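Chain by chain, the residues:
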Amino acid sequence: MPWDELLDHGDEPFDLSFPPVRNVCPSLTLKAAAVHACDDQDSTLSDSLVDSDITRDTDAGHARLAGYMRCGMVFLQNDAVQHFQSVLDQCPVGHPDHAAALTNLAYARLEGYIQNHLQDIDTTTSLFRKALALRPQGHPDHASSLYNLIIALNSRYSKESTAVYIHESAQLCCKLLPLCPERTYLRSIGVDGEVDYVINNFPIDASDEGIHLRRNILKLCPVGYQLRPGALHQLAQALETRFQQCGNIDDIDETIQLRREAVFLCPEGHSDRSRFLNNLALSLAIRFDNQGKPNDLDEAITLYEESLHLWPVGHEYRNFALDNLGGALVTRFKKRGDIDDITRAIILRREALTLCPPGHPGHDTILNNLALALITRYDKSYVSEDLNEAIDLYRESHLLMRLDHPERHITLCSLSRALCSRFTHTRKNGDVEEAIQLCQEALASLPSLHPDRYFSYRGLKDAYLSRYQIYHDPADLSLALENFRLSSRHPTQGFPDRIVQAYYWTIAAEQHRHGSALEAYSTFFELLDAHLATRSSATSRHEAAAAFDYARSLPVDAASCAIRSGNLRHAVELVEQGRGQQWSLASRLKTSVEDLESSNPKLAHDYLELSKRVSNAAQSSAAIINRAAADRTATEYRRLTRQWEAVVAKIRDLRAFSRFLLPPSYEDLQAAARHGPVIILIASQYSCSAIIVPTSGDPLNVPLPSVSLTELNNLKDRFARAIRHASVMGPKIPRNDLIVLLRTVWDEIMLPIVNVLQHDLKLNLRSRIWLCPTAAFTFIPLHAAHPFQTKADGSKESCLEDLYICSYTPTLSALVRSRQMMKKRVTPSFATIGQGQPGAGKGKALLAVDSELELVHKLVPAAAKRITISGDTATRAGALQALEENTWVHLACHGKQDPTQPYDSHFVMRDEHLTLLDIMEKDTPHAEFAFLSACHTAVGDDETPDEVIHLAAGLQFSGFKSVIGTLWEVNDAVAKHVVEAFYKYMFMDLKDGKGVVMDCSRAAWALNCATHAVKTKVPLEQRMVFIHIGV
C-alpha cells in the first residue's frame, strides 16, 4: 500500500488483510498518523535509534529461532535467546513492548526446553506469567498469552508429571476456550491440541475440586466438538473413582450417563468406539456389584462382547477386553450358576495372561483375576487343582505388586480367602493364620471409610469362623461375629453385599446360639429396607427384594428368636419390621400429618409437598424403558428422596415426633388391637407359635407344639388339592377332605389360641378378633377352623366363627393406618362394577354378574348415591374412576393373582386389565368399603407370602378401610347367595334412609352372619372362600 494511500485514511482506523494461513485469513486493524519534527531533534534521533536496535534484535532472534526449529542446532537457539534477552533489556517494565519482549524470550527458551537443550523451565514459565499479567482479560493479546502459558505448563508436565502443572493448565484452558471460537487463528494453530493433551493426560483426581474442574472443561466442549468424548471420559473416570472411594450411588449413575453419551458420539467405525464401549461396560459392572440390578450385568456382557469383537487377535488392547469380559462372566456365574460362564471366563483370562507375559504392566492384575475365576469355580466344584493354582497365582501377583499399588489390598484379601478355603480341607493352621494376617494388612492400608474395607472384614470373618469350627475356641466365634457386624454395617459398601453378610450373620448366630442373633436380624431388615428405598417403583422394589428370596423366612425366624429369648414385645416389632416391606415403603409417602400440621404447619407442608413429588417421580419412572432415561430418572428420584429424608429428619427433631416414620414400637402396634386382640401366627423353621396382642398389656405367647413348618406346608398343599377336588363336586356331596383338614386346623392351631382368649383374656363371645398369619399360615383358611364334633347333649361343638367375628390384617401397621383414616367420613356413594363379558382370551363369560349387580343395587340404601358400571362401560379407566369417586364399591368380575409379578395381579375389564399397580397409584383417603366378588383377590404369591401382595391388600393400601376378598376361585352362580345375605345383614338397620349411617366396620359381622345363613345353599368351600380384611 503506497504511503499516500496510507495517509489518506487520516485518523480513521482501517483493516489490512493478508493471504490465508491454514485456511484462516489474518488481518490487522491499523491507524496512521503523521509525525512532525520537534525542537528536541537529538532526543527524537535517540529514540529512533533505540527502536531500530529493538527491531533489529527482534528480527535476528526470530531468524535464529526459525533456523533452530528447522535444523535443531543448539547455537542457533542460544543466539535467539541472547537477541531476545537484549530486546527485553531495552524494553524495561513500563515500556509498551515489554510484554512482547517477555513472550519472545520465553518462547525461545521453551523451544530449547522441549528439545532437551535447556533445563531451566521455571524462568521460562515465569516470563510467560509476567506477560499474561500485562495482558489482562480484554487485552487483544490476552488469549495468545494464555495459550503460550498453557504450552509451557503442558510441556513441563510431559517431562515431570507433577499434577500442579496440568491442574493449572486445565484452569487456563477453561479461560482460553471461550475466547477462541471455531475458525479463529489460535484455534487453527493448536489450541485444540493443547486442550486435548490436558483432557487425555489429566491425572485421576476424585476430589471435589478436580471433578469441578472437569465439569468446567466439559461445558467448554459442546455437542459436535471433537474433544467432547474425551472430556466426557475424563469426568466419568473421576466420578467413578470417587464412587469407589466413597460409595455414593449418584456418582456411578452419572458416570454411566456420561459414558453412554461418549458411546453415542462414537458410532460404528469410530476409532474410539471400542474403548468407550469397554468403559461403559466396566461402569455397569461396578454398579451391578453395588446395586444388584440384573439388567446392568447383562448389558455389560453385551458391551464387552462388542468391544472384544472390535479388538481382534493382535490388537494392543485385546487383553483388556478378554479380562473384563471374563470378570463379568464370573459375576454372572456367581448369580446364576451356569457352568458355561465360568468355563469361558477361565479360557478368556488364560488367553489374556498369554498376552501379558512377565514384565508386562498388566501381568500382576491378570494373575489375580485368573485366580479369582479359578477360586470361583472351586467354590462350586471343589476341584483341588483349581484351588491350588489360584493360590499360586495370587502369591505370584502379590510378589509382583508394589507396596503402593492401588489394588494390592484386593490381592491380599483374595489370597486370604483362598488360604481359608484350603484350611477347611487340610486343617493346616499356617494357612488360616496367614489368611488372618493378610486381611489385617489390607485393613491397615485403607482409610476408615474406604468401601473395600468390607472385603477385609469379610475375610477375617471367614477365617475366624473356619478356625472356630475346627478348634471350638469361643474367642474365634466372638471375633467372627464381630466381623459379621463390621462387614454388614460398613457404610460405604453397597447394600447387596452387606445384606448378604447380615443374612449369614443370622444363620451363624442361630447355629451357635450367639447373643447377637437379634441384632443380626434387625440389621438385615434395616439394610434391606434402605436398599429397597433406593428403587423408585413398586415393581423395581419387588425385583430387588426377589434377589434375596433365600432370606424370605427371616421375619418369622426373627420373631421365633425373640420368643425363644423371652422378649415377646420385640418379637412383635421384628415380625412387623420384616413383613410387608413393600407396603411399608410405599405408605411412607401417604402418612397422615394432622398432628404435625397443628404444631408446625410449615414442616407439614414441606413434607406433603416433597412426598407428592417423590411419588410422582416414582410413578413416571415405572413407564420408562430406555436405560439412559431410566438412569436419569433414578438419579432425580434419589435427589428428591434425599430432600424428603432431610425434612423427615427435621420432623424427628421435634420431641413429639421423634419416632416419625421409624419402625413402629410395640406400643405403636398395639393400637391395632384397640377393638379386639390381634393374633400373629408365626411359622418358622425353629418353632411355630402364635402371639396374641391384647387391647392393653403385654403380648401372650401360645406355643403350637403339634405344628412344624414342614407339617404346615403339607397342610397348605392338602388344602389346595381339597379345594380343587371340591370345585368339581356336586353341591350336595359332603366335603369330607375339607372337613378333616379344618378339624386339624382347629385341634392343632386355633384351639390352643381360643383357650388363651377365653381363659386368660376372658374375651366375650362374638367379640372381634384379627388374624395376622405369616409364611405358610397365609395359605390356610384359619377363620374356617371347625371341630366338626357333637357334644354329649347332642348339640354341635362351636367353631371359631361361632365364637368370634374373625377378620384378617396383612400387618398390624395396615390395620393401624386404616383406623387412623376412619376419622374423616364423607357422604357415602356406592358403585357396583361388573364385567361378565370380558374380551376374547380373557376368560369365560360370567353369566351371573349382571344379576348380582342388580341385586346389590337394590340392597344398597336409597339414601346413598348409587351408580352401576358394567358391560362396555366397565373398562380399566371407568373402573379406576369409580374407585376414586366412590366410598363404597362392589366389584364382580374375573380376578387373577400373578405368581411371577404380583403387581400385575388384576381384575379383568372389557379393554385392559385393572392391575394392582393401577390401584396402588390411586390415593382414595375417603374410601371405606370394597367387596371383591372375584377369584384369588386375597392371597399372595408362594415365593413371597410375607409381602402379602394381593388385590385386597392393594385396595386397603389405596384407602379402603374394610375389604372382603377371596382366597381361591369363586363360583359366581353360587356366590351371589353369600353376596345377597351379606348386604341384607350389612344394611339391615337402614330402612328408608332412617337409622344409623352406613358403617364399613360392620362388614366382618355381616360376612359372619351371611356365611351362617347360607349353609344349606352354598357348599363349604364357597362359604370359606370369602374373608374380611381391615377395620
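Residues numbered from 1 in each chain as written. Predicted model: local features only at pLDDT ≥ 70, side-chain atom pairs only at ≥ 80, totals over all residues. Heavy atoms only, no water.

Chemist: Lay out the overall build of the chain with the relevant residues and their values.
Modeler: The helix and strand inventory of the chain stands at 42 helices and 16 strands. In summary, the chain has a C-alpha radius of gyration of 39 Å against a globular reference of 31 Å for 1031 residues, an excess of more than 25%. Out of the 1031 residues belonging to the chain, those deemed buried represent 54%. In the chain, the share of contacts with a sequence separation of at least 24, taken over all contacts with a separation of at least 6, comes to 68%. (Helix = DSSP H or I, 4+ residues; strand = E, 2+ residues; numbered from the N terminus. Rg over C-alpha atoms; globule rule 2.2 N^0.38 Å. Buried < 20%, exposed > 50% of the residue type's maximum accessible area, 1.4 Å probe, protein only. Contact = heavy atoms within 4.5 Å.)

Chemist: Can you explain helix α11 (residues 249–264)? Please cite residues and give values.
Modeler: In this model α11 runs 23 Å from its N-terminal to its C-terminal C-alpha over 16 residues, within 8% of the 22 Å that 1.5 Å per residue would give. The complete set of buried residues in α11 reads Ile-249, Asp-250, Asp-251, Ile-252, Asp-253, Thr-255, Ile-256, Leu-258, Arg-259, Arg-260, Ala-262 and Val-263. (Expected span 1.5 Å × (residues − 1).)

Chemist: Tell me about the sheet that holds strand β11 (residues 895–896), and please be specific about residues and values.
Modeler: Taken together, the 3 strands give an open sheet; going across it, the order is β11-β12-β13, and neighbouring strands pair in antiparallel fashion. For this open sheet the edge positions go to β11 and β13 (914–915), each flanked by a neighbour on one side alone. Here β11 runs beside strand β12 (residues 906–907); their pairing, made up of 2 bridges, is antiparallel. For Lys-896, the partnering residue across the bridge sits in β12 and is His-906. (Pairing = 2+ DSSP bridges.)

Chemist: Can you break down the pattern of salt bridges residue by residue, with the values?
Modeler: Summed over the entire model, instances satisfying the criterion amount to 42 salt bridges. Taking the shortest distance from any N to any O, the salt bridge between Arg-242 and Asp-251 comes out at 2.9 Å. Accessibility expressed as a relative area gives 18% for Arg-242, which makes it buried. A cluster of three or more residues bridged by salt bridges with shared partners is formed by Glu-482, Arg-485, Arg-489, Glu-519 and Glu-526. (Salt bridge = Lys/Arg side-chain N within 4 Å of Asp/Glu carboxyl O.)

Chemist: Tell me about the packing of helix α36 (residues 849–859) against helix α40 (residues 972–986), and name the residues and values.
Modeler: Taken N-terminus to C-terminus, the directions of α36 and α40 make an angle of 5°; their axes are 10 Å apart at the nearest point. Classed by the angle they form, the pair α36 and α40 counts as roughly parallel. Across the interface between the two elements, Val-849, Ser-851, Glu-852, Leu-855, Val-856 and Leu-859 from α36 touch Asp-972, Lys-976, Val-979, Glu-980, Tyr-983 and Lys-984 from α40. (Axes fitted to C-alpha atoms, helices over the stretch in contact; angles between N-to-C directions. Parallel < 35°, antiparallel > 145°, perpendicular 65-115°, else oblique.)

Chemist: Tell me what's going on with the packing of aromatic side chains, and back it up with residues and numbers.
Modeler: The way to describe two aromatic rings as a pair is by their centre distance and the angle between their planes. For the coordinates displayed, the defined rule picks out 22 aromatic pairs. The interplanar angle of 65° and the centroid separation of 5.2 Å between the aromatic rings of Tyr-503 and Tyr-504 together place this pair among those described as edge-to-face. Overall, Tyr-503 belongs to the buried group, its relative accessible area being 13%. Both rings, one in Phe-830 and one in Tyr-983, keep their centres 5.9 Å apart while their planes meet at 70°; by these two values the pair is edge-to-face. Separated by 153 residues along the polypeptide, Phe-830 in strand β8 (residues 829–834) and Tyr-983 in helix α40 bring together distant segments of the chain. Judged by relative accessible area, which is 1%, Phe-830 ranks as buried. According to the relative accessible area criterion, Tyr-983 is buried, its value standing at 0%. Aromatic rings pair up to connect Phe-830, Trp-888, Phe-929, Phe-931, Phe-982, Tyr-983, Phe-987 and Phe-1026 into one cluster. (Phe/Tyr/Trp six-rings, centres within 6.5 Å; stacked < 30°, edge-to-face > 60°.)

Chemist: Let's hear about helix α17 (residues 384–400): which residues, and what values?
Modeler: The terminal C-alpha atoms of α17 lie 25 Å apart, and with 17 residues this matches the ideal 24 Å at 1.5 Å per residue to within 8%. Along α17, the residues classified as buried are Asp-386, Leu-387, Ala-390, Ile-391, Leu-393, Tyr-394 and Ser-397.

Chemist: With reference to specific residues and values, describe the environment of Leu-227.
Modeler: Along the polypeptide, Leu-227 turns up in the loop between α9 (208–219) and α10 (228–246). With a relative accessible area of 6%, Leu-227 lands in the buried category. C-alpha of Leu-227 to C-alpha of Ile-217: the two residues are 10 residues apart in sequence and 9.9 Å apart in space.

Chemist: Help me get a handle on the pairing of strand β7 (residues 804–808), residues and values and all.
Modeler: Counting buried positions over the 5 residues of β7 gives 5, a clear majority of the element. Across the two faces of β7 the burial is the same, with Tyr-804, Cys-806 and Tyr-808 and Ile-805 and Ser-807 all buried. Of the strand pairs in this sheet, strand β6 (residues 767–773) and β7 are connected by 5 bridges, and their pairing is parallel. Paired with Trp-770 across the bridge in β7 is Ser-807.

Honestly, that's just the spatial picture; any functional story needs more than this.
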